[in-house]
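Take a look at the letters that make up each chain.
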There are 2 protein chains.
Amino acid sequence: MIRIVLAEDQRMLLGALAALLDLEEDMQVVGTASNGEDAIKLVQLHKPDICIMDIEMPVKSGLDAAEELKGLGTKIMILTTFSRSGYFERALKAGVDGYLLKDSPSEELATSIRSIIAGRRIYAAELVDEAYGEENPLTEREKEVLVLIADGKNTKEIASQLYITTGTVRNYISVILDKLHVTNRIEAIMRFKEKGWFK
Amino acid sequence: MIRIVLAEDQRMLLGALAALLDLEEDMQVVGTASNGEDAIKLVQLHKPDICIMDIEMPVKSGLDAAEELKGLGTKIMILTTFSRSGYFERALKAGVDGYLLKDSPSEELATSIRSIIAGRRIYAAELVDEAYGEENPLTEREKEVLVLIADGKNTKEIASQLYITTGTVRNYISVILDKLHVTNRIEAIMRFKEKGWFK
DNA sequence: TCGCGAGTATGACAAATGTCATATATAAAT
DNA sequence: ATTTATATATGACATTTGTCATACTCGCGA
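Structural notes, computed from the coordinates. Numbering of residues begins from 1 in every chain and follows the order in which that chain's sequence is written. Both sets of labels track the order of writing: A upward for chains, 1 upward for ligands. With pLDDT at 70 or above as the cut-off, local features in this predicted model cover only qualifying residues; side-chain atom pairs require 80 or more to be listed or tallied, and sums for whole chains, interfaces and linings still use all residues. Derived side-chain values reflect all non-hydrogen atoms in the structure, with water molecules and hydrogen atoms excluded from consideration.

The subject of this paragraph is the relation of the copies chain B and chain A. A least-squares fit on C-alpha atoms brings the copies together, and the residues used are those whose pLDDT is at least 70 in both copies. Note on the copies: chain B fits chain A at an RMSD of 0.1 Å, the axial shift is 0.0 Å, and the rotation between them is 180°. What the superposition gives is, in effect, a two-fold axis relating one chain to the other. No C-alpha of chain B lies nearer the rotation axis than that of B:A16, which sits 2.5 Å from it. Here, residues are in contact when the closest pair of their heavy atoms is within 4.5 Å. By residue overlap, the copies meet face to face through one surface: 100% of the interface positions of chain B are interface positions in chain A.

Written out as structure tokens, the structure reads:
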């Protein structure tokens, strides 16, 4: 019997997935969580065979949780909407055993789980292709600036928050626009988001 | 027996919900679609008791589909992530019989379906409160401009696309910022999105 | 230790953005 | 018929944003 812990912040999906997996006679959902923090506790408590996690969850993200749970016997599988390569790379580094997209047909879930339990690693094909495709070209400081821009802050606010001059901030932005091949702040935010480079 | 058509573009959720509902002895999923167009066809074909739809789907949105399906005997229930009041208001106008959030626990789904079949209307409580809370204060023209801004376009591009001068575009933006109580384009986009006023 | 590249920082300058006063058209209210 | 309100449109002006040349530091390899 494959013992499973599920972590997913969208309650409807959480419940529906639990129902779906419980239908399989070789599987049993032993715990469900709706944030990364609770997921960690449940895994430590129940020592399931596998933990299936979303990425974007409150309190602690699925990737954070995956990194913390590395080393325990429990296999980790990420189940998320995002085909952002940034997330996928980080998941690989965290040593997750599977990465499936919520766009995949539901039948694939049980199949993938069995494969992972059998020792294989399952990654959504769409991701493997584009994976190490593009590195985030921004430096730490530049990222810091872009995050503040995306937060709606203007140059002056950013400058005072980072204790640098407005000239410097504007220069960083200029470099950011250049590196991302765009021409204004709004496009920079769009591009950075679509690449999955935020956070 | 309650006959159900499901429409949801996220395959995993679509399959899981079907499994969940098929577990109820008084319910039967007679068709599933992953876009609004197919959902309409399935409803016309099967004449189910109720059709449960997501909003953001390819080809045709759930709200578009709901508007087209008005009048047929089939009850319509929206099941979506978005608690945006804009969506909710449009759904009410389309005469949907239920509006549930994906954040709600999965048990509520079957319960809500039975209530709707019994003739009641079920709306997520969170929404009813904030519903007619705020009207979108922008005029058509202003919305048009803001959509282009959110698309990353600059003043000159917007001006030439709308056949007005850059001065006019900048004035619209100034009015938009004022109406939304923000001070730059990026904040305007954020605010408009969080209110669910796009589209 | 010299040079090279990368990251950080600045200010001068040019271009884009935001503000404001103003004008016209149109529809509703008096 | 006249006032009032609203949407649309424009240009002058001030501020903010984006570009570019430049400078300093640090670590790395020659």
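A separate point is the pattern of salt bridges. Residues and elements named next belong to chain A. Definition used for salt bridges: Asp or Glu carboxyl oxygen within 4 Å of a side-chain nitrogen of Lys or Arg. What the rule picks out here adds up to 28 salt bridges over all chains. Between E140 and K143 there is a salt bridge; the shortest N-O distance is 3.0 Å. With E140 and K143 both in helix α7 (residues 140-150) and 3 residues apart, this pair spans about one turn of that helix. Taking the relative accessible area as the measure of exposure, K143 reaches 22% and is therefore partly exposed. If you follow the salt bridges from partner to partner, you end up with E8, D54 and K102 in one network. Where helices and strands are cited, they refer to DSSP runs of H or I of at least four residues and of E of at least two residues respectively, numbered from the N terminus. Relative accessibility thresholds used throughout: buried, under 20% of the residue-type maximum; exposed, over 50%; partly exposed, between the two (1.4 Å probe, protein chains only).

Moving on: the interface of chain B and chain A. Of the residues lining the interface, 32 residues belong to chain B; the matching set on chain A comes to 33 residues. Taken together, the two surfaces of chain B and chain A that pack against each other cover about 2,300 Å², and 69% of this comes from carbon and sulfur. Area buried by chain B at its contact with chain A is led by B:Q10, B:M12 and B:I186, which between them contribute 29% of it. In this structure, the connection of chain B to chain A is made through 0 salt bridges. The term polar contact refers here to a pair of N or O atoms within 3.5 Å; inside protein, the definition further demands a hydrogen-donor-capable atom paired with an acceptor-capable atom, and it admits residues adjacent in sequence only when both atoms are side-chain atoms. Between chain B and chain A we count 8 residue pairs in polar contact (both at pLDDT 80 or more) in total. Summed over both partners, the accessible area lost on bringing two parts together, with a 1.4 Å probe, is the buried area.

Right, let's talk about the protein's contact with DNA strand D for a bit. Of all residues adjacent to DNA strand D, which total 19 residues, the nearest are A:T155, A:R185, B:T139, B:T168 and B:Y172. Proximity is defined per residue: any heavy atom of the residue falling within 4 Å of a molecule or strand makes that residue near it. Each atom of DNA strand D within 4 Å of the protein belongs either to a base or to sugar and phosphate, the latter forming 59%. A distance of 2.6 Å separates a phosphate oxygen of DNA strand D from a polar atom in the side chain of A:T155. Separating a phosphate oxygen of DNA strand D from a backbone N or O atom of B:T165 is a distance of 2.9 Å. If you list the elements that add at least two residues to the surface near DNA strand D, you get α8 (155-162) and α9 (166-180) of chain A together with α9 (166-180) of chain B. Classification used: nonpolar for Ala, Val, Leu, Ile, Met, Phe, Trp, Tyr, Cys and Pro, charged for Asp, Glu, Lys and Arg, polar for all others including Gly. Of the residues that constitute the surface near DNA strand D, the class distribution is 4 nonpolar, 10 polar and 5 charged.

With that settled, consider empty space enclosed by the protein. Residue and element names in this part refer to chain A. A cavity here means a set of 1 Å grid points, computed over protein atoms only, where a 1.4 Å probe fits but cannot escape. A pocket is an open set with protein on both sides within 12 Å along at least 5 of 7 lines, and lining residues have an atom within 4 Å of a point. Grid points are joined across faces, edges and corners, and a volume is the space filled by probe spheres set on the points. This model, assessed by the stated rule, comprises 1 cavity of 30 Å³ or more. In this model, the largest cavity occupies a volume close to 40 Å³. Surrounding the largest cavity, L6, A7, E8, L17, I52, M53, D54 and L79 form its lining. When contributions to the lining of the largest cavity are tallied by element, the ones reaching two or more residues are β1 (2-7) and β3 (50-53). Classifying every residue of the lining of the largest cavity gives 6 nonpolar, no polar and 2 charged.

Before going further, it helps to spend a moment on the protein's contact with DNA strand C. With respect to spatial proximity, 19 residues lie near DNA strand C, and among them A:T139, A:Y172, B:T155, B:R170 and B:R185 are the closest. Among all atoms of DNA strand C positioned within 4 Å of the protein, those belonging to sugar or phosphate total 57%. In the environment of DNA strand C, a phosphate oxygen lies 2.6 Å from a nitrogen or oxygen atom belonging to the side chain of A:T139. The contact in question runs from a base nitrogen of DNA strand C to an N or O atom on the side chain of B:N171, over 2.7 Å. Those elements that provide at least two residues to the surface near DNA strand C are α9 of chain A together with α8 (155-162) and α9 of chain B. Each residue belonging to the surface near DNA strand C can be placed in one class, and the counts come to 4 nonpolar, 10 polar and 5 charged.

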